[in-house]
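Structural description and commentary
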Amino acid sequence: MPKGLFITFEGTEGCGKSTQIKLLAEHIKAIGHRVRLLREPGGTPIGEEIRHTLKHSKNNQAMTAEAELLLMNASRAQIVREIIRPALAAGEMILCDRFYDSTTAYQGFGRELDLEKVKSIIEFAVGETKPDVTLFLHVPAEVSAERLRSRQSTLPLELQRDRFEEADRKFFERVAHGYGVIAANEPKRIKVINGAQPVEIVCARIWETIQPVLPKIGRW
Ligand code: TMP
């Protein structure tokens, strides 16, 4: 059985990842593949506890950038070994909402941690497990801020407070700049999609990018 495909979605808050990842999953399932949807931080029981600590716990105000970096990668080390490697070996198509480019963008560029140290911690967490394709949904800062405001009011109370979303504008500018640098450094793996377009157009662009790289059903 051929190895599965590992696809990651990246972008700033409100870039439309959550909507698009579900749409892509439906398309891929419709042609007969097994699809697994994951998210980071999280995606395993241990990872979901770490996610709560990172994002919503009322005790997380004092968290340092270094602790944040390590927790992100603790969650990642777990999901890579518990889920991603076995699923790829079983031929599944994995769609993951964020992966290590988020760490480079948020902890490296955003929190301004040393980029070489960030890289070596990511390498320790993932080993040889790297995405085959990364879809970077690019949206201007105003679109991101507006989508975030409208999403916020629809969330249950316990999820409304999010440590990341409390960061200041300059932090998000550094994250956005970081994504630009990351995408420019790896144009073969990272495909930049204009996420400010209507949902159906973004979905069509993503499908045009992914369809040609999917393993062909029936030739196994
Ligand atoms: P989201 O699931 O709503 O995108 O929230 C995840 C948040 O965590 C988002 O603000 C980005 C942040 N994040 C990092 O800072 N570093 C990482 O490595 C990952 C995976 C996420």
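Residues numbered from 1 in each chain as written. Predicted model: local features only at pLDDT ≥ 70, side-chain atom pairs only at ≥ 80, totals over all residues. Heavy atoms only, no water.

With respect to the environment of Ala196
Considering the arrangement of structural elements, one finds Ala196 in the loop between β5 (190-194) and α9 (199-210). Judged by its relative accessible area of 36%, Ala196 falls in the partly exposed class. Taking the C-alpha atoms as reference points, Ala196 and Thr209, 13 residues apart in sequence, are found 17 Å from one another. When neighbours within four sequence positions are excluded, Ala196 is seen to be in contact with His138, Val139, Pro140 and Arg147. (Helix = DSSP H or I, 4+ residues; strand = E, 2+ residues; numbered from the N terminus. Buried < 20%, exposed > 50% of the residue type's maximum accessible area, 1.4 Å probe, protein only. Contact = heavy atoms within 4.5 Å.)

Focus on empty space enclosed by the protein
Tallied over the full model, the rule gives one cavity of 30 Å³ or more. Space inside the largest cavity adds up to approximately 30 Å³. As for the largest cavity, its lining consists of Glu10, Asp101, Thr134, Phe136, Tyr179, Ile182, Ala183 and Ile190. Examining the composition of the lining of the largest cavity, we find that three residues originate from one element, helix α8 (residues 169-185), more than from any other. Of the residues that constitute the lining of the largest cavity, the class distribution is five nonpolar, one polar and two charged. (1 Å grid on protein atoms, 1.4 Å probe; cavity = no way out; pocket = protein on both sides within 12 Å on 5 of 7 lines; lining within 4 Å. Points joined across faces, edges and corners; volume = space filled by probe spheres on them. Nonpolar A, V, L, I, M, F, W, Y, C, P; charged D, E, K, R; others polar.)

Here's the deal with the site of the ligand
Among the 14 residues in the neighbourhood of the ligand, the closest are listed as Glu13, Lys55, Arg98, Thr103 and Gln107. Between the ligand and the protein, one listed contact pairs an oxygen atom with a side-chain N or O atom of Lys17 at 3.3 Å. Between an oxygen atom of the ligand and a side-chain N or O atom of Lys55, the distance comes to 2.8 Å. Contact with the protein chains removes 95% of the 480 Å² of surface that the ligand exposes when unbound. Put simply, the ligand lies in the largest pocket. Residue assignment for the shell around the ligand shows that the elements contributing at least two residues are α2 (45-55), α3 (65-89) and α4 (100-110). Ranked by residue count, the leading element in the shell around the ligand is α4, at four residues. Taken together, the residues of the shell around the ligand break down into four nonpolar, three polar and seven charged. (Near = heavy atom within 4 Å. Polar contact = N/O pair within 3.5 Å; in protein donor to acceptor, adjacent residues only side chain to side chain. Areas by Shrake-Rupley, 256 points an atom, 1.4 Å probe, with all protein chains shown as cover. Sits in = over half its atoms within 2 Å of the grid points.)

A few points about the layout of surface pockets
Empty space within the largest pocket amounts to approximately 940 Å³. Contributions of two or more residues to the lining of the largest pocket are made by α1 (17-30), β2 (35-39), α2, α3, α4 and α6 (141-152). Sort the elements by how many residues they give to the lining of the largest pocket and α1 lands first, with five residues.

Some details on the pairing of strand β4 (residues 133-138)
Within a regular beta strand, the side chains point alternately toward one face of the sheet and then the other, so they alternate between its two faces. Burial analysis of β4 places five of its six residues in the buried class, which makes it a mostly covered element. Alignment of strand β1 (residues 5-10) against β4, held across four bridges, turns out to be parallel. From the neighbouring strand, Thr8 faces β4, where its bridge partner is Thr134. Pairing geometry for β4 and β5, over five bridges, is parallel. Opposite Leu135, over in β5, you have Lys191 as the bridge partner. (Pairing = 2+ DSSP bridges.)

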